[in-house]
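Observations on the three-dimensional arrangement
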Amino acid sequence: MSESQSFFLPEPLTLESGEVLTGVEVAYHTFGTLNASRDNVVWVCHALTANADVESWWPGLFGPECYFDPADWFVVCANVLGSCYGSTSPLSPAPETGVARYQQFPLLTIRDMVAAHEELRQHLGLTQIHTLIGGSLGGQQALEWAIQLPTVFEHLVLLATNAQHSPWGIAFNEAQRLAVFADPTYHQATPEGGAAGLRAARAVALLSYRSYGAYADTQAEPTNDKIDDFRASAYQQYQGEKLVARFNAYTYVVLSKAMDSHNVGRGRGGVAPALRRVQARTLVLGITSDVLFPPAEQQLLARHIPGAVYAEMDSRFGHDGFLIETAHITHLLERFHATTFA
């Protein structure tokens, strides 16, 4: 079991927006032992509502006797800026005032998240990363980092992610934020503010994370008698309550806006030239039923990243398949690291 650790950036962090964050803290976990040659590092970038304890949310892929077994690998996972799991966030007291910023927290981008994690990498003295892996928002971070520092990463694994957040994805995020903003408690700037709005936002989000088939498999009624109180309704309510119990509305707004900001082509002459900067040997995984990050987005990555390998998982779980289909992902990783795909 890994204990959470904290790293404080030695200097203020100038954000892409031009605002400056002082006293920046990054929470992180490490698993396993760095070997003598320091070439067994796996760095994990987590998704929207996850944390730095990768074994808790990616079981089956990370952990004892899994593909990324801490007995073999030195695994690092750092909590993103803006998250409520230990890194500097809207709930953190501002060093200048001692008061949390809540909805006044500055706009973050994926590049700001990468900047903080790059400082952590240097602090840890990790000059070479064997594998950089991430899905969804985590994949956006991993891709941006591999473009910025192409010689640092030997292998890059991108799951259910994209080069630029789509209008469809931004619209889903905005629908969720509107639900949060419609909750009057969000504007009261308290730690519990926006809870009802967050509950509704999660219900909206689930429609993009899962698929028609997944709901048909798990939420269909066993009889023809129902006219109200459907299983699908109860499921949406349950998932909303579950997120409220472990997450925060102010963080949700900040991180969803960061996801919207993702565009590797910004300031680089477009997406294609930016992707050509990647030097890591790259595996890109798409999911057939993913409506939020459809396979066409991963196919675009594979077309423009030099030498990239593309594979597609046939899953009924939708976007969440990148967290659930660990046996399939393990098989694809074994093929990728052993040789090239046919």
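Keep in mind that this is a model prediction, so the values were computed, not measured.

Across its full length, the protein chain holds 12 helices and 10 strands. For the protein chain, the C-alpha radius of gyration of 20 Å lies close to 20 Å, the compact-globule estimate for 342 residues. Taken along the three principal axes of its C-alpha coordinates, the protein chain extends 60 × 55 × 45 Å. Burial status across the protein chain gives 57% buried among its 342 residues.

Let us look at the sheet that holds strand S9 (residues 281-287). Taken in spatial order, the 8 strands of this open sheet run S1-S4-S6-S5-S7-S8-S9-S10, and their pairing is mixed. Here the strands that pair on one side only, and so sit at the sheet edges, are strand S1 (5-8) and strand S10 (309-313). Between one strand axis and the next, the sheet turns by 20° as a mean value, whatever way the strands run. Of the strand pairs in this sheet, strand S4 (residues 25-31) and strand S6 (residues 74-78) are connected by 4 bridges, and their pairing is antiparallel. Across the sheet, Phe 31 pairs through a bridge with Val 75, a residue of S6. Running at roughly 140° to strand S7 (residues 129-135), helix H3 (residues 137-148) makes contact with strand S5 (41-45), S7 and strand S8 (153-159) of the sheet. The sheet contacts of helix H10 (residues 295-304) involve S8, S9 and S10, and relative to S9 the element is tilted by about 165°.

What follows concerns helix H12 (residues 326-338). Helix length check: H12, at 13 residues, gives a terminal C-alpha distance of 18 Å against a target of 18 Å (1.5 Å per residue), a fit within 8%. Thr 326, Ile 329, Thr 330, Leu 332, Leu 333 and Phe 336 are the residues of H12 that are buried. Mapping the buried residues of H12 onto a view down its axis gives an arc of 165°, with all of them on the same face. Pointing more than 90 degrees away from the buried face of H12 are the exposed residues Ala 327 and Ala 338. On its buried side, H12 packs onto S8, S9, S10 and helix H11 (321-324).

Next up on the list: the nonpolar core. Ranked by size, the top nonpolar core spans 74 residues in total, and within it Trp 43, Leu 143, Leu 156, Tyr 252 and Leu 275 carry the most contacts. Among the elements that line this core, the one with the most residues is helix H8 (residues 249-261), at 8 residues. When sequence neighbours within four positions are dropped, the list of residues in contact with Leu 275 reads Leu 143, Ile 147, Ala 163, Val 264, Leu 300, Leu 301, His 304, Ile 305 and Pro 306. Formed by 30 residues, the second largest nonpolar core is a distinct cluster that contains Phe 31, Val 54, Trp 58 and Trp 73.

Here we come to the pattern of salt bridges. Once the charged atoms of two side chains with opposite charge are near each other, the side chains can pair. Scanning all chains against the criterion turns up 12 salt bridges. Among the ionic pairs, Arg 199 bridges to Glu 241, the shortest N-O distance being 2.9 Å. Of this pair, Arg 199 sits in helix H5 (residues 195-209) while Glu 241 sits in helix H7 (residues 231-246), placing them 42 residues apart in sequence. We classify Arg 199 as partly exposed; its relative accessible area is 27%. Accessibility expressed as a relative area gives 41% for Glu 241, which makes it partly exposed.

Attention now moves to the pairing of S7. Across the 7 residues of S7, 7 count as buried, placing the element largely inside the fold. Across 4 bridges, S5 lies against S7 in parallel orientation. Each residue of the ladder has a partner; that of Trp 43, found in S7, is Leu 132. Sheet analysis places S7 next to S8, joined by 6 bridges and oriented parallel. Bridge pairing in S8 places Ile 129 opposite Phe 153. Taken together, S7, H3 and S8 constitute a β-α-β crossover, and its handedness is right-handed.

Another point: the packing of helix H4 (residues 167-181) against H8. Across the interface, H4 lies against H8 with an axial gap of 10 Å and an inter-helix angle of 160°. Taken together, the axes of H4 and H8 are roughly antiparallel relative to one another. Judged by the sense of rotation from one axis to the other, the crossing of H4 with H8 is left-handed. Between H4 and H8, the residues in contact are Gly 169, Ile 170, Asn 173, Gln 176, Arg 177, Val 180 and Phe 181 and Ala 249, Tyr 252, Val 253, Ser 256, Lys 257, Met 259 and Asp 260, respectively. Its residues placed into classes, the contact of H4 with H8 shows 7 nonpolar, 4 polar and 3 charged.

Cut-offs applied
Residues numbered from 1 in each chain as written. Predicted model: local features only at pLDDT ≥ 70, side-chain atom pairs only at ≥ 80, totals over all residues. Heavy atoms only, no water. Helix = DSSP H or I, 4+ residues; strand = E, 2+ residues; numbered from the N terminus. Rg over C-alpha atoms; globule rule 2.2 N^0.38 Å. Buried < 20%, exposed > 50% of the residue type's maximum accessible area, 1.4 Å probe, protein only. Pairing = 2+ DSSP bridges. Axes fitted to C-alpha atoms, helices over the stretch in contact; angles between N-to-C directions. Contact = heavy atoms within 4.5 Å. Expected span 1.5 Å × (residues − 1). Arc of directions from axis to C-beta. Core = buried A, V, L, I, M, F, W, Y, C linked by side-chain atoms within 4.5 Å. Salt bridge = Lys/Arg side-chain N within 4 Å of Asp/Glu carboxyl O. Right-handed = clockwise from strand over helix to strand, strands pointing away. Parallel < 35°, antiparallel > 145°, perpendicular 65-115°, else oblique. Left-handed = near helix turned anticlockwise from the far one by under 90°. Nonpolar A, V, L, I, M, F, W, Y, C, P; charged D, E, K, R; others polar.

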